[in-house]
Amino acid sequence: MSVGDVVMINGLVFQLSMPLNFLGTVYREMRQSVIDMEVMYQLGKAQAQITVRTRSRCGEHPRVSRLRQNPLLPRLWHGPGAAGRAGAAPARR
């Protein structure tokens, strides 16, 4: 066996390994996707243990009403000093 034969066998093995590596990656991704779908369907069948009110007393979504009560909100949205600018939303308590 000469040096040329070793180089030829090395090239052949390399050329076979790349497509096999790709097929192995595709198989692994498909298998993980099937597992993820099974978990998703199991989660869809599960009953929720926590229930959330959809509307607060004033008719708004609870998160919106909480955001409007935050005195720092105008500063967070518009930067420092935004509460004093014309057109800025006043801070509520």
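Residues numbered from 1 in each chain as written. Predicted model: local features only at pLDDT ≥ 70, side-chain atom pairs only at ≥ 80, totals over all residues. Heavy atoms only, no water.

**Q** Can you help me understand the overall build of the chain in this one?
**A** Looking only at helices and strands, the chain has three helices and zero strands in total. Secondary structure elements of the chain occur, N-terminal to C-terminal, as α-α-α. Going through the 93 residues of the chain one by one, you find that 8% of them count as buried. Per element, the accessible surface of the chain, about 8,900 Å² overall, is 61% carbon and sulfur. (Helix = DSSP H or I, 4+ residues; strand = E, 2+ residues; numbered from the N terminus. Buried < 20%, exposed > 50% of the residue type's maximum accessible area, 1.4 Å probe, protein only. Areas by Shrake-Rupley, 256 points an atom, 1.4 Å probe, with all protein chains shown as cover.)

**Q** Looking at this structure, I do not really get a nonpolar patch on the surface. What am I missing?
**A** A cluster of nonpolar side chains, namely Leu12, Leu16, Leu20, Phe22, Leu23, Val26 and Met30, defines an oily patch on the protein surface of about 740 Å² accessible area. Relative to the helices and strands, Leu23 is located in helix α1 (residues 3–45). Look at Leu23 and you get exposed, because its relative accessible area is 53%. (Patch = residues over 30% accessible without salt bridge, like charges linked within 9 Å, V, L, I, M, F, W, Y side chains within 5 Å. Salt bridge = Lys/Arg side-chain N within 4 Å of Asp/Glu carboxyl O.)

**Q** I keep staring at the confidence of the model for the chain and nothing clicks. Help me out?
**A** Atom-level detail of predicted coordinates should not be read off regions where pLDDT is low. Looking at the chain, pLDDT values average 75 and 56% of them are 70 or higher. Taken element by element, the predicted model of the chain shows its lowest mean pLDDT in helix α3 (residues 73–78) (55) and its highest in α1 (93). (pLDDT = per-residue confidence, 0-100.)

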